[in-house]
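# Reading the structure
So the chains spell out like this:
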Amino acid sequence: MWKMKPASFIQSAITGLRGTTTVTLSTRKGITPSSRKVVGYWLLGCSGMVFGAVVLGGVTRLTESGLSMVTWKLFGEKVPFTKLEWEDEFQKYQQYPEFRIKNKNITLEQFKWIWWMEYGHRMWGRAIGAVFIIPATVFWACGWLKPGMKKRIIAFGTLIALQGLMGWYMVQSGLEDRFHGDSDVPRVSQYRLATHLSLAFILYTLLLWSAFDHLLPAQRLTEAASASARRFRWLTHTCKGMIFLTALSGAFVAGLDAGLVYNSYPKMADKWIPDDIMAFTPKVRNITENPTTVQFNHRLLGTSTLALISGMWLLSRKLKLPPRAHTAAAAVAVMGWTQVILGISTLLLYVPVPLAASHQSGSLVLLSLAVWLTHELKYIKRLPK
């Protein structure tokens, strides 16, 4: 048994899992329809794990657990088991700003809870790396990846590695001794948080697009696409870009706890433009460092994106598009409105964790549907001759 070739071993394992069912999957060199589906489901699973990481990361931030672990090791930190080990871990935490400034009265049991939250987030990230690299190596060796897909695999692996490094770099910003003002609250840099989230969104989007390539190929029109359909395709890409930009602005809202100021809608403290929107100097700092301005910009981007999505959906009803594209356009519109309602509710209710987590997750659901829509339109590229 131990002399069995890897390909034969994989085929035997798959046969065992399927029982008496005939397996058409071939492990010989070359791409078959079945192997293509296997790769597609793997890519879809990886994208799902990245989605889970974003949700878990959002909950970790909302529960203020992200700074509980003050060390980082590539293959995982040692889990404390004994009371002595937990006390030692707690003493490490007590040396950093979050404890000294904000959590002086935290108990060991409370510390354990936030520690496990951060530990789960980190280990989930490491699990993504394992679930990606092991099958990728096998598929590459079996010849199941086209040359273009191999380039994507290298890009995905690079993004996963960068995401892990950026995660620790982000946490470090909250452990630095830079909080000295009376109103300073220990938190990670909003710039690093936005970069960390952006990398996750880019990785997720690319994985999902590649999964669609394998599992749900875009439909083609039976006739040449019109000039209007071609322009509509660019409109959908613009919607997707605006969704990404709005989500990115949400990272600054999260990083500055800007959702806890001006908890009214549509006005901010009975004004359309609040008085302190340009309180910082130089003025450019307000865009990314003033909580009032950051919240105002997020509102403006969210409203603009919703208007663009609504217009896109209305236009889609008048055009000749691939059948699934009409369904995708409607799904984007419904989710766009749902996301705005979640955002307003989160603001008015002073950012409750379940609702805030749903709003953060909703941004990724909306982006997913936009990716699906643009993927369905991928063959509408040229004007008819």
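The structure we're discussing is the one just above.
So, here is what we can say about the structure in this document. (Residues numbered from 1 in each chain as written. Predicted model: local features only at pLDDT ≥ 70, side-chain atom pairs only at ≥ 80, totals over all residues. Heavy atoms only, no water.)

## Overview of the state of the cysteines
A full pass over the atoms with the stated rule returns zero disulfides. Lacking any disulfide linkage, C142 is separated from the closest cysteine sulfur, that of C46, by 16 Å. (Disulfide = S-S within 2.5 Å.)

## A closer look at the packing of aromatic side chains
The final tally for this structure, using the stated rule, is 19 aromatic pairs. Taking 5.9 Å as the distance between ring centres and 80° as the angle between the ring planes, the aromatic pair formed by Y191 and F252 counts as edge-to-face. Of the two residues, Y191 sits in helix α7 (residues 190-215) while F252 sits in helix α8 (residues 227-255), which places them 61 residues apart along the sequence. On the basis of relative accessibility, which here comes to 13%, the residue F252 falls in the buried class. A network of ring pairs unites the aromatic residues W86, F90, Y93, F99, F111, W115, W116 and Y119 as a single cluster. When the ring centre of Y169 is taken as origin, the NZ or CZ atom of R192, which lies over that ring, is 3.6 Å away. Here the guanidinium or amino end of R220 rests over the ring plane of Y379, the centre of that ring lying 3.6 Å away. (Phe/Tyr/Trp six-rings, centres within 6.5 Å; stacked < 30°, edge-to-face > 60°. Helix = DSSP H or I, 4+ residues; strand = E, 2+ residues; numbered from the N terminus. Buried < 20%, exposed > 50% of the residue type's maximum accessible area, 1.4 Å probe, protein only. Lys NZ or Arg CZ within 6 Å of the ring centre and 35° of its normal.)

## Brief notes about the pattern of salt bridges
For the structure on display, the rule yields 17 salt bridges. Between D88 and K92 there is a salt bridge; the shortest N-O distance is 4.0 Å. Within this pair, D88 and its partner K92 are both found in helix α3 (residues 83-93), separated by four residues, close to a single helical turn. Its relative accessible area of 39% is what places D88 among the partly exposed residues. Assessed through its relative accessible area of 30%, K92 is described here as partly exposed. (Salt bridge = Lys/Arg side-chain N within 4 Å of Asp/Glu carboxyl O.)

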